[in-house]
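Residues per chain are reported as follows:
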Amino acid sequence: QVQLVESGGGLVQPGGSLRLSCTASGSIFSINTMGWYRQAPGKERELVATITSGGHTNYADSVKGRFTISRDNAKNTVYLQMNSLKPEDTAVYYCNANVRYRPGQYSVVTHWGRGTQVTVSS
């Protein structure tokens, strides 16, 4: 059983910062890509950022230069540092991890966190 536990969401004013954390636990041999997605009211879920086990990153254009994704492989933890937050960043943020349970596993299994609310408002 694999669990993703998120923390760090909350209410901030425009221009403020938040740091999200997500830790994967359970029967894990390795984790390929980890990432963050978000869904705003009335909108589709969208990619925010992803990071491979080797540290290669990918960002949505809307957050480039403001958000930074990182990970600690030893702790199975992924972070999202969010700076210069805008009201448009308001959404539920979901952690994602692609997990391999054992060395011979044919394909990875995608797991999702419960989501954490980020609200940017004056």
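The present account deals with the structure reproduced in this document.

Rules and cut-offs
Counting starts from 1 at the beginning of each chain's written sequence and moves along it residue by residue. Only residues with pLDDT of at least 70 are given local features in this predicted model, and only at 80 or more are side-chain atom pairs given and counted; all residues enter the totals for whole chains, interfaces and linings. By convention in this description, side-chain values take in all heavy atoms of the structure and omit both hydrogens and water. Secondary structure elements follow DSSP: runs of H or I no shorter than four residues count as helices, runs of E no shorter than two count as strands, and numbering proceeds from the N terminus. Using C-alpha atoms as the atom set, the radius of gyration is obtained and then compared with a globule rule of 2.2 Å times the number of residues to the power 0.38. What is meant by a nonpolar core is a set of buried Ala, Val, Leu, Ile, Met, Phe, Trp, Tyr and Cys residues, joined one to another through side-chain atoms within 4.5 Å. Only protein chains enter the calculation, and the probe is 1.4 Å; a residue is then buried if its accessible area is under 20% of its type maximum, exposed if over 50%, and partly exposed in between. We call two residues in contact whenever any of their non-hydrogen atoms come within 4.5 Å of each other.

### Looking at the overall build of the chain
Assigned secondary structure in the chain consists of 0 helices and 11 strands. Taken from the N to the C terminus, the helices and strands of the chain come in the order β-β-β-β-β-β-β-β-β-β-β. Relative to the 2.2 N^0.38 estimate, which gives 14 Å for 122 residues, the radius of gyration of the chain is 14 Å and therefore close to what a compact globule would have. Overall, the chain is about 50 × 25 × 25 Å in size when its C-alpha atoms are taken along their principal axes.

### Digging into the nonpolar core
Counting residues in each nonpolar core, the largest one holds 29 residues, and the members touching the most others are W36, L80, M82 and Y93. Listed by contribution, the elements that provide at least two residues to this core are β1 (2–7), β3 (18–26), β4 (30–39), β5 (46–51), β7 (67–72), β8 (77–82), β9 (91–100) and β11 (116–120). Ranked by residues supplied to this core, first place goes to β9 with 5 residues. Apart from residues lying up to four places away in sequence, Y93 is in contact with E6, L20, W36, Y37, R38, V48, F67, L80, M82, G115, T116 and V118.

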